[in-house]
Amino acid sequence: MKQTDNLSESTSIADRLGIPAPLFWGFVGLLFFMIGDGVEAGYLAPYLEGQGISSRNTALLFTIYGVTVSLSSWASGPLSDLWGPKRVMWIGLAIWGVFEVLFLTFGVAVNSYPIMLAAYTMRGFGYPLFTYGFLVWIAAATPPRQLGSAAGWFWFAFSGGLPTLGSLFASFSIPLIGEMATFWSSLALVMFGGLLALLMTREPIGSRRLAAPGTPPATIFFSSISILWREPKTFIAMIVRTINTSSEYAFLVIMPAFFTKIIGFSLSQWLQLLSIIFLSNILVNLVSGITADRLGHRTVVALFGCVGAAITVPLFYYVPQMFPGNFPIAAAMGALYGATIAAFVPLSGLVPQICPKEKAAALSALGLGAGASTWVGPAIVTWFENWRGIEGIIWIFSGLYVASALMTLVLTVSPEARRYIDAAAARGDVAEEVTLGH
């Protein structure tokens, strides 16, 4: 068989799976990158506390890291417009690698908290530039008919690595090579995944500037903020995306004690339950994206995501109390919850169609929402736990998901945007859809 025949066959398989064939190796590399990024997720905090770092200082480390992640998630859009997504991914990979070396060598290895805080904070700029830069690339190079499936595969690779397979890797490597060597192995996985994605993916759109020629950088960055009021639907989408995973981050704060002290699970059982939630999440990430290409992006998000989460959040709290100590029932409720959270994935395919002339700016709004959820969820716990305890928190989130369903109903693609998309598709010009239009 000729080499071209092999290429044609692999392209056909990728397309049948819903993966944009020219970006196939980008998805594979993203998975390995996120596995490396997720290696430390399950044990960095207890490791640092075991080295004498107070829980308060550990929490501060993660909080400031979350702030830089939020900023970088937003910046990935305008930087991709300015330099092209592939260059932004290179920058993100370099930042991750350099500051991980500093974090481990001059921070963790010698137990220097100031160096750890500075290096880890700076490393927070790395993974969003790489991952969300690739998401912009997907939006720029993928035909509209395939955007839902492509977004599903993106989040499948993203959450499949962080924290699911990353934590699983750590669970096997720590007993074999120790905690410190496992930290270093995460660097190797990140670099392998990043280089695989960037060297093997040769799709041309991602290598060039996406903004219209001559557009000043200040205009590009301002557009990524001003789009929130120029195109109010992107602001609504940002709020919906913030609500989406805010409960996950809140549950990581309140649910360990709930399931171990009230339901009667061991810590090991709680960790297994958490793994089941994320396994369900990554599987439905993919299914929801593919389903959205058939049923419609807005329908899947509103019905299965928003309404579904409004129902499964209380189920996850109340049903295990009806069957204390019953792990299979709690696991079933957790899997349902994880599935409904994943049904928000089609937002990543819907928003670029709402603003087809400013896809990168629109996706930066989603990135800002994703970053905000990392602190909004814990903040709701902080503000309201003393009001009605965990039960009050549960109903706050359920109400937020109902509100997000109503907000999602207004996320329609305008006739003008539809005509623009159809015209670009008729010309076969996917790249045309992503310019700022100035």
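Residue positions are counted from 1 within each chain, in the order its sequence is given. Under the rules for a predicted model, residues below a pLDDT of 70 receive no local features and side-chain atom pairs below 80 are neither given nor counted, while totals for whole chains, interfaces and linings still include all residues. Calculation of side-chain values draws on the structure's entire complement of heavy atoms; hydrogens and water are dropped beforehand.

- In the annotation of an unreviewed UniProt entry, the protein is listed under the name Alpha-ketoglutarate/sugar transporter and assigned to Komagataeibacter xylinus NBRC 13693.

### Describing the domain arrangement of the protein
Part 1 of the argument: Domain delimitation follows an automatic or database domain assignment. Domain parsing of the protein yields domain 1 (14-214) and domain 2 (216-428).
Part 2 of the argument: A C-alpha centroid distance of 20 Å is found between domain 1 and domain 2.
Part 3 of the argument: Accessible area that two parts lose when put together, evaluated with a 1.4 Å probe and summed over both, is termed the buried area. Across the domain 1 to domain 2 interface the summed buried area is about 2,800 Å²; carbon plus sulfur atoms make up 72%.
Part 4 of the argument: The three residues of domain 1 that bury the most area against domain 2 are W74, W155 and F156, which together make up 21% of that side's buried surface.
Part 5 of the argument: When a carboxyl oxygen of Asp or Glu lies within 4 Å of a side-chain nitrogen of Lys or Arg, that pair is called a salt bridge. Along the contact surface separating domain 1 from domain 2 lie zero salt bridges.
Part 6 of the argument: Two N or O atoms form a polar contact when they lie within 3.5 Å of each other; inside protein one atom must be a possible hydrogen donor and the other a possible acceptor, and for residues adjacent in sequence the pair counts only when both atoms belong to side chains. Joining domain 1 to domain 2, the criterion identifies nine residue pairs in polar contact (both at pLDDT 80 or more).
Part 7 of the argument: For the purposes of this entry, the term helix denotes a DSSP run of H or I that reaches at least four residues, the term strand denotes a run of E that reaches at least two, and both are numbered from the N terminus. Elements that contribute at least two residues to the side of domain 1 that touches domain 2 include exactly α4 (55-83), α7 (126-141) and α8 (147-177).
Part 8 of the argument: When residue character is reported, Ala, Val, Leu, Ile, Met, Phe, Trp, Tyr, Cys and Pro are called nonpolar, Asp, Glu, Lys and Arg charged, and the others, Gly included, polar. Tallied by class, residues from the side of domain 1 that touches domain 2 come to 17 nonpolar, 13 polar and three charged.

### Side note on the packing of aromatic side chains
Part 1 of the argument: Note on ring pairs: Phe, Tyr and Trp rings are taken, using the six-membered ring of Trp, and paired if centres are within 6.5 Å. Classes follow the plane angle, with under 30 degrees stacked, over 60 edge-to-face and the rest tilted. Counted by the stated rule, this structure contains 31 aromatic pairs.
Part 2 of the argument: For the pair Y65 and Y120, a centre-to-centre distance of 4.4 Å together with 25° between the ring planes defines the contact as stacked. On the criterion of sequence distance, the pair formed by Y65 in helix α4 and Y120 in helix α6 (residues 113-123) is long-range, its members being 55 residues apart. Judged on exposure class, the residue Y65 and its partner Y120 are both buried.
Part 3 of the argument: The ring of W155 has R241 lying over it, and the distance from NZ or CZ to the ring centre is 5.5 Å. Remark: exposure states derive from per-residue accessible area (1.4 Å probe, protein chains only) relative to the maximum for the residue type, with buried under 20%, exposed over 50%, and partly exposed in between. Think of it as a cone above the ring: NZ of Lys or CZ of Arg counts as a charge over the ring if it is within 6 Å of the ring centre and within 35 degrees of the ring normal.

### Quick notes on a nonpolar patch on the surface
Part 1 of the argument: Nonpolar side chains (Val, Leu, Ile, Met, Phe, Trp, Tyr) are joined into patches within 5 Å and like charges within 9 Å, using only residues with over 30% relative accessible area and no salt bridge. Each accessible area is a Shrake-Rupley result for a 1.4 Å probe, and residues are judged covered by the shown protein chains and nothing else. Among the surface-exposed residues, L295, L303, F304, V307, I311, L315 and L336 lie close enough to one another that they form a single nonpolar patch of about 600 Å² accessible area.
Part 2 of the argument: Looking at the nonpolar patch element by element, the count peaks at five residues for helix α13 (residues 297-322).
Part 3 of the argument: Note that V307 resides in helix α13.
Part 4 of the argument: In this structure V307 comes out as partly exposed when scored by relative accessible area, which is 36%.

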